[in-house]
Amino acid sequence: MEKKKYYITTPIYYPSGHWHIGHCYTTVICDALARFHKMLGEDVFFLTGTDEHGQKIEKEAAKRGITPMQFIEPLVSQLKDMWKLLDIDYNRFIRTTDEEHTECVKKIYQKLYDSGDIYKAEYSGYYCTPCESMWTEAQLVDGKCPDCGREVTLQKEESYFFRLSKYAPAIMKLYEDNPEFLQPKSRVNEMVNNFLKAGLQDLCVSRTTVKWGVQLPFDKNHYAYVWIDALSNYISALGYLSEDDSLFKKYWPAQLHMLGKEIVRFHAIIWPALLMALGVPVPEQVYGHGWLLIGGDKLSKSKTDAVKYELTDPYELVKRYGTDAVRYFLLREIPFGSDGEYTNERFLNRINADLSNDLGNLVSRTAAMINQNFGCLPARGKAEGVDCELIAAAEGLFSKVKEALERLNAPDALAEIFAVVSRANKYIDETTPWILAKNESKKERLGAVLYNLAETIRICAIMLKPFLTKAPALILKSLSCDENAGFESLAFGGLKAGAKVEKLPPVFPRVDIKKELAEVESIVKELKKAEEIPQAQETPSKEQITIDDFAKVEMRVGTVIACEAVKKSKLLHETVSIGNRTLSILSGIAKHYTAEEMLGKRVIVVTNLPPREMKGILSEGMLVCAEAPDGTLTVVSPEKNVPDGSLLS
Ligand code: MSP
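Residues numbered from 1 in each chain as written. Predicted model: local features only at pLDDT ≥ 70, side-chain atom pairs only at ≥ 80, totals over all residues. Heavy atoms only, no water.

## Here's the deal with the overall build of the protein chain
Here comes step 1: Helix and strand counts for the protein chain come out as 22 helices and 25 strands.
Here comes step 2: Principal-axis analysis of the C-alpha atoms places the extent of the protein chain at approximately 115 × 60 × 45 Å.
Here comes step 3: The buried share of the protein chain, reckoned over its 649 residues, is 51%.
Here comes step 4: Of all intrachain contacts in the protein chain linking residues separated by at least 6 positions in sequence, the fraction that spans at least 24 positions is 74%.
Here comes step 5: Distance between charge centroids for the protein chain: 3 Å, based on 81 positive and 89 negative side chains. (Helix = DSSP H or I, 4+ residues; strand = E, 2+ residues; numbered from the N terminus. Buried < 20%, exposed > 50% of the residue type's maximum accessible area, 1.4 Å probe, protein only. Contact = heavy atoms within 4.5 Å. Lys, Arg positive; Asp, Glu negative; His and termini not counted. Charge placed at Lys NZ, Arg CZ, Asp CG, Glu CD.)

## Some thoughts on the site of the ligand
Here comes step 1: Of all residues adjacent to the ligand, which total 26 residues, the nearest are I12, D51, G260, E262 and L292.
Here comes step 2: I12 is positioned with one of its backbone polar atoms (N or O) 2.8 Å from a nitrogen atom of the ligand.
Here comes step 3: For the ligand, whose unbound accessible area comes to 670 Å², protein coverage reaches 96%.
Here comes step 4: Among the elements of the structure, helix 1 (21–39), helix 7 (226–231), helix 8 (233–236) and strand 12 (256–260) are those that each provide at least two residues to the shell around the ligand.
Here comes step 5: With 4 residues, the top contributor of residues to the shell around the ligand is helix 1.
Here comes step 6: When grouped by side-chain class, the residues that make up the shell around the ligand number 14 nonpolar, 9 polar and 3 charged. (Near = heavy atom within 4 Å. Polar contact = N/O pair within 3.5 Å; in protein donor to acceptor, adjacent residues only side chain to side chain. Areas by Shrake-Rupley, 256 points an atom, 1.4 Å probe, with all protein chains shown as cover. Nonpolar A, V, L, I, M, F, W, Y, C, P; charged D, E, K, R; others polar.)

## Description of the sheet that holds strand 18 (residues 572–577)
Here comes step 1: Strand order in the open sheet formed by 5 strands is 19-18-17-20-23, and the pairing between neighbours is antiparallel. Of all strands in the sheet, those with a lone pairing partner are strand 19 (582–587) and strand 23 (622–623), marking the two edges.
Here comes step 2: When strand 20 (residues 602–606) meets strand 23, the two strands line up antiparallel, connected through 2 bridges. If you follow V606 over to strand 23, its bridge partner there is M622. (Pairing = 2+ DSSP bridges.)

## Points about the pairing of strand 6 (residues 153–162)
Here comes step 1: Sheet analysis places strand 4 (residues 118–128) next to strand 6, joined by 10 bridges and oriented antiparallel. By the bridge assignment for strand 6, I118 is matched with F162.
Here comes step 2: Pairing geometry for strand 6 and strand 8 (residues 203–204), over 2 bridges, is antiparallel. Its bridge partner lying in strand 8, F162 is registered against L203.

So, in structure tokens, the structure goes:
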């Protein structure tokens, strides 16, 4: 029989700044779901990657004076490291700068252009760069982006549009016919009330001002809108419209797109409309989860600065507490579909309570008692009343976890597993094995109790495998079980009497929360320092001058019409046109610019300095430059196209 397929995706991540624990949320959930479906014997394809084009990245790179690729590369490799640390077992990591992807985006645009779903018109609207979203004036809230509340910029340019409006009725019908398509339910109401009811406008899908992107095949002056580029990854990764589209045929449509609630609009309106226009089936389900919050706000760079010392760096968190602790917190703490507050205290409390106390103690107490009293696993024995309850809880666990994960609800699934862990701890209190151990005639009963505990632990360890990647294998090995054991071996009674039971070092050491929080605070202070983008240092102010002093300086706009390096010096010799005349200018910038680079540059020149001769050449003015903290010089140019000779005032 052919295996059932399960295609699951995370959004592709913007490599636009440092990575924080909020970024790990979507991907850890997807990884747990992917692992669970693999354990069910399904053919799983798990896709993740990076969204590398667009204005946001172009700007961040420009801010640092480097190319977008130079800016992106380290962030992409840090992201991959982060996924490795968190044991994210994806099948494919797609980058929107991959050639196969950009080729696919071009073909998608061409196809939509040929079918008439993309057309050219004048665009005028507001752009939010951090969200890479376009808004009409009516959609703005107090003149700001309705999604993130940040500044928007007015943009007017000739653009290509996608006929989104045409697909509005089909999207409405999609929601009506498939109540499972968009989850949780509240997101459907948001989409309908905030967007569909008001009517969809056609979507601007090209830019001429942002050149860091995919050039349109039918108009080289235009570049793909980053969201169309990004969404296409879900099918380009499978070879859609390529020579080999076998993966596309096998895995599409996706069973699940998992993503944060702020990007539901793109996935539940724009994406299905695009697919409909392409004649491709829509995904089975889109789930918009909630956010990790800090101080009530979504975790993000700008906001974490304002917050006290919460450690949000995933690398540090994994280093300090381990992969399982970080995965567990993310999967267990936040009620699924809602937002959840992130603090180090909550993190540590959760780990201490569930992993160290409940699970850790159960495992170590049981192993210690078995070794002390029997040296190896005792025989199962006859079940008594209280045993039956524990056995029933362990035996019923799989179907409860499965039911929770069918709703994608990892916190509920984990709550079910830890309910059994708690039941087992309670069973220890009820059966008092330490008292049984004192009485030789109760040895058989003691053996039965310890067997039931060991077996419950084994079943919980198997059920924990989709969620935790380290502890389950350790626990299974300590019980002399195959660490690869899966759901096929869940029947109660799988452990063999006589098996060696190793005492484990504490699986999750208990943390002294007060001490730990103090240490974390100092780590965060250090991390914050390291993160800062170097800012121009406040140089000592010069003596004050009057406006009349300033007015004495004559500065004009010019263009470099000729330039050559002056041999054996740090000088470049520029001929600068300032309208009705040219000036010969020497400037000490040969370390920073070549003569070719200077040619054609618009510059600002101080034009009323006394001429001065250097290296036998007359200099009749001075180029205005900015000096970075590391001494790099940048020529200052006028922002707009003003005529040569214009005076600065
Ligand atoms: N590049 C787009 C997605 C394009 S998909 C075709 C994007 N990238 S992102 O890097 O900003 O976000 C990636 C994922 O991280 C999203 O699911 C987002 O919701 C999630 N998170 C980022 N910060 C988060 C929290 N504070 N909490 C939970 N998840 C959040 O959007």
